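Listed below are the residues making up each chain.
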Amino acid sequence: MHTSRQLQIPILHIFIVLCLMVFLAVPPAMAKPRGVNWFDDRAAARGGGPSIKIDLSEQRAYLYKGGRLVGVSKVSSGKRGYGTRPGYFRVLSKHPYHRSTIYGSFVSKRTGRVVRSNVNTRRHRRPAGAVYRGARMNNYIRFNGGIGMHASSHVPNYPASHGCVRMPPHMARKFYRHVRVGTPVRVTR
């Protein structure tokens with residue numbers, strides 16, 4: 001009986017040491033799996049300078065405050081022929097209720113009904129009796145010319161936009177709230 005008790009203690013110690021080694025070897029992102037579309041409001045409120053990283057290969061946007069990751073959102077960047085350009089940028093402006101000046105619909109002045117959808121004002125002529133209504137781009141964060149991040153109801157897991165970075169509406173609101181003009185934006189492949 002005394003011998004089995006002596007064996008149990010070293011085995012328990014070895015098990016604890018192995019568990020600690022595994023825990024310490026796991027990167028922090030894996031130790032706390034959060035998935036996508038999460039946001040730590042408390043950490044974001046604590047302050048620190050904001051910065052954004054958009055990873056085109058992952059189709060994800062990351063918001064940092066004071067160098068600490070506080071949010072991750074799935075995104076849909078520019079499709080082929082309309083790619084979102086990698087580089088280092090800064091937030092140029094913010095507009096809570098922005099509308100596209102290029103993509104949208106032609107709407108009847110008289111009835112308010114859509115006459116033609118999926119319009120590109122650079123290619124399509126406005127029909128008589130119609131007005132142009134730009135696509136909604138709420139919580140628009142412009143960072144590269146006319147390219148920006150904005151809310152969209154269509155955010156597939158692949159590039160599908162005309163160059164902008166689409167985000168789910170609830171995540172676009174959170175990013176919008178915590179960045180300011182001048183915030184660094186890094187777009188990577």
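Small disclaimer: the values here were computed from a predicted structure and weren't measured.

Overview of the overall build of the protein
Assigned secondary structure in the protein consists of four helices and 11 strands. Within the protein, the fraction of its 189 residues that count as buried is 39%. For the protein, the share of sequence-separated contacts (at least 6 apart) that also reach a separation of at least 24 residues comes to 62%. When the accessible area of the protein is evaluated, it comes to approximately 12,000 Å², of which 56% is carbon and sulfur surface.

What about the nonpolar core?
Counting 25 residues, the largest nonpolar core has Ile52, Ile54, Phe143, Met149, Phe175 and Val185 as its most contacted members. Looking at this core, the elements with two or more residues in it are helix H3 (41–45), strand E2 (50–55), strand E3 (60–65), strand E8 (130–144), strand E9 (147–151), strand E10 (165–167), helix H4 (169–178) and strand E11 (184–188). Looking at this core, the element that brings in the most residues is H4, giving four residues. Excluding anything up to four places from it in sequence, phenylalanine 175 contacts Phe39, Ile52, Ala61, Tyr62, Leu63, Gly71, Ser73, Ile141, Met149 and Met167.

So, the sheet that holds E11
With mixed pairing, six strands are arranged side by side in an open sheet as E1-E4-E3-E2-E11-E5. The open sheet has two edge strands, strand E1 (38–39) and strand E5 (87–90), and neither has a second partner. Relative to E11, E5 runs antiparallel, the two being bridged by four bridges. Residue pairing across strands places arginine 90 opposite proline 184, the latter belonging to E11.

Digging into the sheet that holds strand E6 (residues 93–108)
Taken in spatial order, the five strands of this open sheet run E7-E6-E8-E9-E10, and their pairing is mixed. Pairing within the sheet leaves two strands with one partner each, and these edge strands are strand E7 (114–120) and E10. The sheet shows a mean angle of 45° between the axes of neighbouring strands, direction not considered. The pairing of E6 with E7 spans four bridges and is classified as antiparallel. Its bridge partner lying in E7, glycine 104 is registered against valine 119. Lying on the sheet, H4 is in contact with E6, E8, E9 and E10; it crosses E8 at an angle near 55°.

Some remarks on unusual backbone geometry
A positive phi angle, close to 60°, is found at asparagine 37, a residue other than glycine. On the basis of relative accessible area, asparagine 37 is assigned to the partly exposed category, the value being 26%.

Quick word on the side chain of serine 100
By the element assignment, serine 100 lies in strand E6. A distance of 3.1 Å separates a polar atom in the side chain of serine 100 from the backbone nitrogen of isoleucine 102. Residue contacts for serine 100: discarding those within four places in its chain leaves Tyr132, Gly134, Ala135 and Met137.

What to know about the confidence of the model for the protein
Interpretation of the predicted coordinates at a detailed level should be avoided for regions scoring low in pLDDT. Residues at a pLDDT of 70 or more form 82% of the protein, whose mean pLDDT is 88. Throughout residues 17–33 the model reports pLDDT below 50, and contacts reaching past four residues in sequence, or to other chains, amount to one contact.

Some remarks on the pattern of salt bridges
Any two side chains of opposite charge can pair if their charged atoms end up close together. Going through the model one piece at a time under the given rule, you end up with three salt bridges. Close ionic contact of aspartate 41 with lysine 174 constitutes a salt bridge, the shortest N to O distance being 3.1 Å. Linking aspartate 41 in helix H3 with lysine 174 in helix H4, this pair joins segments that are 133 residues apart in sequence. Of the charged contacts in the structure, one is a salt bridge between aspartate 41 and arginine 177, with a shortest N-O distance of 4.0 Å. Remark: arginine 177 occurs in helix H4 and aspartate 41 occurs in helix H3; sequence separation between them is 136 residues. Put simply, Asp41, Lys174 and Arg177 are held in one network by salt bridges that share partners.

Structural notes on the side chain of serine 73
Tracing the sequence through the fold places serine 73 in strand E4 (residues 68–74). Residue classification places serine 73 among the buried positions, given a relative accessible area of 0%. A polar contact of 3.5 Å, which involves the side chain of serine 73, links it to the side chain of asparagine 37. Among residues more than four places away in sequence, those in contact with serine 73 are Val36, Asn37, Gln59, Arg60, Ala61, Met167, Pro168, Met171 and Phe175.

Definitions and limits used
- Residues numbered from 1 in each chain as written.
- Predicted model: local features only at pLDDT ≥ 70, side-chain atom pairs only at ≥ 80, totals over all residues.
- Heavy atoms only, no water.
- Helix = DSSP H or I, 4+ residues; strand = E, 2+ residues; numbered from the N terminus.
- Buried < 20%, exposed > 50% of the residue type's maximum accessible area, 1.4 Å probe, protein only.
- Contact = heavy atoms within 4.5 Å.
- Areas by Shrake-Rupley, 256 points an atom, 1.4 Å probe, with all protein chains shown as cover.
- Core = buried A, V, L, I, M, F, W, Y, C linked by side-chain atoms within 4.5 Å.
- Pairing = 2+ DSSP bridges.
- Axes fitted to C-alpha atoms, helices over the stretch in contact; angles between N-to-C directions.
- Polar contact = N/O pair within 3.5 Å; in protein donor to acceptor, adjacent residues only side chain to side chain.
- pLDDT = per-residue confidence, 0-100.
- Salt bridge = Lys/Arg side-chain N within 4 Å of Asp/Glu carboxyl O.

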